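Fold and contact review
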Amino acid sequence: MLLPFLHAGKIEAGCDEAGRGCLAGAVFAAAVILPPDFRNPLIRDSKQLSEKQRETLRPVVERAAVAFCIATASAEEIDQINILQASLLAMRRAIAGLPTRPGQLLIDGNRFTPFEDIPFDCIVRGDGIYQSIAAASILAKTARDEYMQKLSEEFPGYGWAQNKGYPTRAHRAAIRDFGVTVHHRLTFRR
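Notes on the structure in this doc start here. (Residues numbered from 1 in each chain as written. Predicted model: local features only at pLDDT ≥ 70, side-chain atom pairs only at ≥ 80, totals over all residues. Heavy atoms only, no water.)

Overview of the overall build of the protein
Going by this rule: Under the scheme used here, helices are H or I runs from DSSP no shorter than 4 residues and strands are E runs no shorter than 2 residues, and both carry numbers assigned from the N terminus. Only C-alpha atoms enter the radius of gyration, while the globule expectation follows 2.2 Å times N to the 0.38, with N the number of residues. Only protein chains enter the accessibility calculation, which uses a 1.4 Å probe. A residue is then buried if its area is under 20% of the maximum for its type, exposed if over 50%, and partly exposed in between. The contact rule is simple, with two residues in contact once any of their heavy atoms fall within 4.5 Å. Counting rule for charge: Lys and Arg are taken as positive, Asp and Glu as negative, and neither His nor the chain ends is counted. One atom stands in for each charge, and that atom is NZ of Lys, CZ of Arg, CG of Asp or CD of Glu.
When you go through the protein residue by residue, the secondary structure sums to six helices and five strands. When its helices and strands are written in sequence order, the protein yields β-β-α-β-α-α-β-β-α-α-α. Compactness check: the protein gives a C-alpha radius of gyration of 16 Å against a globular reference of 16 Å for 190 residues, within 12% of the reference. The principal-axis extents of the C-alpha atoms in the protein amount to approximately 55 × 35 × 25 Å. Evaluated residue by residue, the protein yields a buried proportion of 52% over its 190 residues. For the protein, restricting intrachain contacts to residue pairs at least 6 apart in sequence, the fraction spanning at least 24 positions comes to 65%. Computed over 24 positive and 21 negative side-chain charges, the inter-centroid distance for the protein is 5 Å.

Here's what the structure looks like:
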């Protein structure tokens, strides 16, 4: 089971993103504050869960959370500032949207820029260590998948309902056949 917190006695917000490696769509980030006594052995890194498991756990996280927020950075913003900076921007937006101010941030990954005066820890593969980061990964991934499903209805030829914008062979072939959409990241190699 994942660890409940890093700093005992602090209100910690776990932060993670989804969609960094995609050719299309916004990058999503979530920030989640869980109660200090929250334990759920099913919550773990969203990449280790099936789509059905993520969808089952999403409302569990949303109900249990003291606070959560999901935010995005658009494909246009990704092209303007690069995917790393856009991911950090989406995380900062998610943190800013929390109705409860955290006293500590747990960031999945090895980079972050300070947000206001809130101390933070960058934790590589943190979504496999801390429940709050894993919960954030679940919310970010399910929200992004839902968004790509909706976009696939508008642009059915790209297979986004299945590939979620990732660079699959079929997605690359669709770009060659149909060109790019307004949702494609133009600075990414296709």
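Description of the nonpolar core
What counts, and what does not: For this analysis, a nonpolar core means a set of buried residues of the types Ala, Val, Leu, Ile, Met, Phe, Trp, Tyr and Cys, connected via side-chain atoms within 4.5 Å.
Membership of the largest hydrophobic core comes to 35 residues, with the highest contact counts inside it found for Val 27, Ile 95, Leu 98, Leu 105, Phe 112 and Trp 160. When residues of this core are traced back to their parent elements, those giving at least two are strand E1 (12–18), strand E2 (27–33), strand E3 (67–73), helix H3 (83–96), strand E4 (104–108), helix H4 (131–154) and helix H6 (169–178). No other element matches the eight residues that H3 contributes to this core. Those residues in contact with Leu 98, other than ones at most four positions away along the chain, are Ala 13, Ala 31, Ile 33, Ala 67, Phe 68 and Cys 69. By size, the runner-up hydrophobic cluster in this structure holds 17 residues, among which are Ala 30, Val 32, Ile 43 and Val 61.

As for the pattern of salt bridges
Threshold: Put simply, a salt bridge is a Lys or Arg side-chain nitrogen that is within 4 Å of an Asp or Glu carboxyl oxygen.
Under the defined criterion, the tally for this structure stands at nine salt bridges. We note a salt bridge from Lys 47 to Asp 45, for which the minimum N-O separation is 3.2 Å. The partner of Asp 117 in a salt bridge is Arg 101, with the nearest N and O atoms 2.2 Å apart. Residue Asp 117 is located in the loop between E4 and strand E5 (120–123), and its partner Arg 101 is located in the loop between H3 and E4; the two are separated by 16 residues in the primary sequence. Looking at Asp 117, the relative accessible area reads 61%, which means it is exposed. Look at the salt bridges and you will find they share partners, linking Asp 45, Lys 47 and Asp 127 into a network.

A look at the packing of aromatic side chains
Defined as follows: Aromatic rings from Phe, Tyr and Trp, with only the six-membered ring used for Trp, were paired whenever their centres fell within 6.5 Å, and each pair was classed as stacked if the ring planes differed by under 30 degrees, edge-to-face if by over 60, and tilted otherwise.
A complete count under the given rule lists five aromatic pairs for this structure. For the ring pair Phe 28 and Tyr 147, a centre distance of 5.1 Å and an interplane angle of 50° mean the geometry is tilted. Here Phe 28, found in strand E2, pairs with Tyr 147, found in helix H4; they are 119 residues apart in sequence, far enough to count as distant. By relative accessible area, which is 7% here, Phe 28 ends up buried. According to the relative accessible area criterion, Tyr 147 is partly exposed, its value standing at 24%. An angle of 25° between the planes, with centres 5.2 Å apart, marks the rings of Tyr 158 and Trp 160 as stacked. Both residues of the pair, Tyr 158 and Trp 160, count as buried. An aromatic cluster of three or more residues is present, and its members are Phe 155, Tyr 158, Trp 160 and Phe 178.

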